[in-house]
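Observations on chain architecture
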Amino acid sequence: AYYPNDTSVFTISNKNGLFYKIYLNRGGFAKRWAFGKNEDYKDVVLQDSTFYILASKGDIVKLRFTQDSVLKQKGKFPNGDSAVNEFESLYYDENYKQMIMLCKHCQEDKHKVSAWGFSTDSLQYTPALFTIDEKAIAEKASDHKVIFKPSATAVNPITDELYILSAVGKILVITDRNGTVKEVYHLDPNIYNQPEGLAFTPKGDMIISNAAGEEGIPDILIFKRK
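Since the structure is predicted, the reported quantities are computational estimates derived from the model, not experimental observations.

1. Some details on the sheet that holds strand S19 (residues 219–223)
Strand order in the open sheet formed by 3 strands is S17-S18-S19, with antiparallel pairing between adjacent strands. Both edges of this open sheet fall to strand S17 (195–200) and S19, since each of them pairs with a single strand only. The sheet shows a mean angle of 20° between the axes of neighbouring strands, direction not considered. Bridge analysis of strand S18 (residues 206–210) against S19 gives 5 bridges, and the strand direction is antiparallel. Note on S19: the bridge partner recorded for Ile207 is Ile222.

2. With respect to the pairing of strand S16 (residues 181–186)
As paired elements, strand S15 (residues 171–175) and S16 share 5 bridges and run antiparallel to each other. Counted as the bridge partner of Val173 is Val184 from S16. Counting the residues that bridge the hairpin from S15 to S16 gives 5 residues, and of these Gly179 lies at a positive phi of roughly 90°.

3. Some thoughts on the pattern of salt bridges
Within the structure shown, the criterion is met by 15 salt bridges. For Lys21, the salt bridge is made with Asp6, and the minimal N-O distance between the two is 2.7 Å. Of this pair, Lys21 sits in strand S3 (residues 18–23) while Asp6 sits in the loop between strand S1 (2–3) and strand S2 (8–13), placing them 15 residues apart in sequence. On the accessibility criterion, Asp6 (28% relative accessible area) is partly exposed. Between Lys74 and Glu39 there is a salt bridge whose closest N-O contact spans 2.6 Å. Taken together, the residues span a long stretch of sequence, with Lys74 in strand S8 (residues 70–75) and Glu39 in the loop between strand S4 (30–34) and strand S5 (41–47) at a distance of 35 residues. Residue Lys74 is classed as partly exposed on the basis of its relative accessible area of 37%. Bridged by salt links that share partners, the residues Glu39, Lys57, Asp59, Lys74 and Lys76 form one connected network.

4. Quick word on helix H1 (residues 134–141)
Residues that lie three or four places apart on an α-helix share one face, since the helix turns once every 3.6 residues. Within the sequence span of H1, burial applies to Ile137, Ala138 and Ala141. For H1, the arc enclosing every buried residue in end-on projection is 100°, short of the 170-degree limit, so these residues lie on one face. Those residues of H1 that are exposed and angled more than 90 degrees off the buried face are Lys135 and Glu139. Tucked into the core, H1 has its buried residues touching strand S12 (125–133), S15 and S16. Looking at where H1 begins, the residue whose side-chain oxygen comes 2.9 Å from the main-chain nitrogen of Lys135 is Asp133. One or two steps after H1, the chain reaches Ser142, where phi turns positive at roughly 55°.

5. Here's the deal with a nonpolar patch on the surface
A cluster of nonpolar side chains, contributed by Trp33, Phe65 and Val70, occupies part of the molecular surface with about 240 Å² of accessible area. Within the secondary structure layout, Trp33 lies in strand S4. With relative accessibility at 31%, the residue Trp33 sits in the partly exposed group.

6. A closer look at the packing of aromatic side chains
As enumerated under the stated definition, the model contains 18 aromatic pairs in all. In this structure, Arg26 is placed above the aromatic ring of Tyr23, and the distance from its NZ or CZ to the ring centre is 4.6 Å.

7. Notes on the sheet that holds S8
By way of backbone hydrogen bonds, the strands of a sheet pair with one another, either parallel or antiparallel. Across the sheet, which stays open at both edges, the 4 strands sit in the order S5-S6-S7-S8 with antiparallel pairing between neighbours. Of all the strands in the sheet, just S5 and S8 have a single pairing partner and so form its edges. The mean angle between the axes of side-by-side strands here comes to 20°, regardless of whether they run parallel or antiparallel. Bridging between strand S7 (residues 60–65) and S8 involves 6 bridges; their strand directions are antiparallel. Counterpart to Val61 in the pairing with S8 is Lys74.

Criteria and cut-off values
- Residues numbered from 1 in each chain as written.
- Predicted model: local features only at pLDDT ≥ 70, side-chain atom pairs only at ≥ 80, totals over all residues.
- Heavy atoms only, no water.
- Pairing = 2+ DSSP bridges.
- Helix = DSSP H or I, 4+ residues; strand = E, 2+ residues; numbered from the N terminus.
- Axes fitted to C-alpha atoms, helices over the stretch in contact; angles between N-to-C directions.
- Salt bridge = Lys/Arg side-chain N within 4 Å of Asp/Glu carboxyl O.
- Buried < 20%, exposed > 50% of the residue type's maximum accessible area, 1.4 Å probe, protein only.
- Arc of directions from axis to C-beta.
- Contact = heavy atoms within 4.5 Å.
- Polar contact = N/O pair within 3.5 Å; in protein donor to acceptor, adjacent residues only side chain to side chain.
- Patch = residues over 30% accessible without salt bridge, like charges linked within 9 Å, V, L, I, M, F, W, Y side chains within 5 Å.
- Areas by Shrake-Rupley, 256 points an atom, 1.4 Å probe, with all protein chains shown as cover.
- Phe/Tyr/Trp six-rings, centres within 6.5 Å; stacked < 30°, edge-to-face > 60°.
- Lys NZ or Arg CZ within 6 Å of the ring centre and 35° of its normal.

Purely spatial values, then, with no claim about function.
This is the structure in structure tokens:
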């Protein structure tokens, strides 16, 4: 999650519940806080001074920092403990006025990726706000074997399009705000080891973070908008 006030990004460590603030203009200097444990955390969004942190089973932790404490609430995904659904990407959509999370794997999906909504007020979930057709992705990619498992999503503030990373399959998919596929790009695995974080600056610069995976080190890539 990009923070324009001091050119920093907020990110998470997925296994140990650590929350980081990394200053992009200070040589990687970072601060960190602990916010939870024993969850497989996948994504973080900053909206209206509140952080929303997504766990793989669909639970969302809502965090607000005050001067001397951290206020914490948690939304429980319906049947989240059944381990049949998996999520990795979260973003806020002004049109729906909700957080949106895309299925990496959901039991009901057959050749489509569904988008679930999450109310930041009631902490309630809404299923199937829209779907993304995997066949349309394969057609755009000219590859019927292409794999699409969303690992990060963000709205490009300049074009008003969804940019969706898939670490599995190494692709970047661009859709409209309702999930209609517009473009698909293959990603060089030498550069994108495990792309699992995505954000935009207000000027439209794109930020992608790679997890370390089994090999390599985690890094942050910054792409200036032409």
